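Take a look at the letters that make up each chain.
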Amino acid sequence: QVQLVESGGGLVQPGGSLRLSCAASGFTFSSYAMSWYRQAPGKERELVAAITSDGSSTNYADSVKGRFTISRDNAKNTVYLQMNSLKPEDTAVYYCNAYRDWYHNYWGKGTLVTVSS
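No experiment lies behind these values; they were computed from the predicted model shown.

Participant: Help me understand unusual backbone geometry in this model?
Facilitator: Of all residues except glycine, most have a negative phi; of all peptide bonds, most are trans. One non-glycine residue, Asn-77, lies in the positive phi region at around 55°. Among the structural elements, Asn-77 can be located in the loop between β7 (68-73) and β8 (78-83). Judged by relative accessible area, Asn-77 falls into the partly exposed class, the value being 26%. One non-glycine residue with positive phi stands out, namely Ser-85, at about 50°. Along the chain, Ser-85 turns up in the loop between β8 and β9 (92-99). We classify Ser-85 as partly exposed; its relative accessible area is 41%.

Here's what the structure looks like:
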């Protein structure tokens, strides 16, 4: 069955860094675009970063440009989100998404990132 398992969340001080990982299984990972979304308390889920199936192109929300980097390793069926210079407003549950088409659209259960001193 399809699984997306996020890891790497936790508590970090402002200005710190975290690296999120999302391990995929149960589908052909290299055929899917991968994205990270986040949802803060009381807010809608928003796109943070996305990467094409072959890793050749990436896209970022304006709020994280220059601080976050998305990458993938198709040999390991894993997508990463390197988060630097974290701010309290980055506090959210971060979700991994795999997308091929409207029918093949999968979500992980999320990992909590808390940025606080």
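Moving on from the coordinates now.
Participant: What exactly am I supposed to notice about the nonpolar core here?
Facilitator: Most often, soluble globular proteins have nonpolar side chains that are buried together. Leu-4, Met-34, Trp-36, Val-79, Leu-81, Met-83 and Tyr-94 are the most contacted members of the largest nonpolar core, which has 31 residues in total. Broken down by secondary-structure element, the contributors of at least two residues to this core are β3 (18-25), β4 (33-39), β5 (46-51), β7, β8, β9 and β11 (111-115). In contact with Met-83, other than residues within four places in its own chain, are Gly-16, Ser-17, Leu-18, Leu-20, Arg-67, Phe-68, Tyr-94 and Val-113.

Calculation criteria
- Residues numbered from 1 in each chain as written.
- Predicted model: local features only at pLDDT ≥ 70, side-chain atom pairs only at ≥ 80, totals over all residues.
- Heavy atoms only, no water.
- Helix = DSSP H or I, 4+ residues; strand = E, 2+ residues; numbered from the N terminus.
- Buried < 20%, exposed > 50% of the residue type's maximum accessible area, 1.4 Å probe, protein only.
- Core = buried A, V, L, I, M, F, W, Y, C linked by side-chain atoms within 4.5 Å.
- Contact = heavy atoms within 4.5 Å.

None of the figures reported here should be taken as evidence of function without further support.
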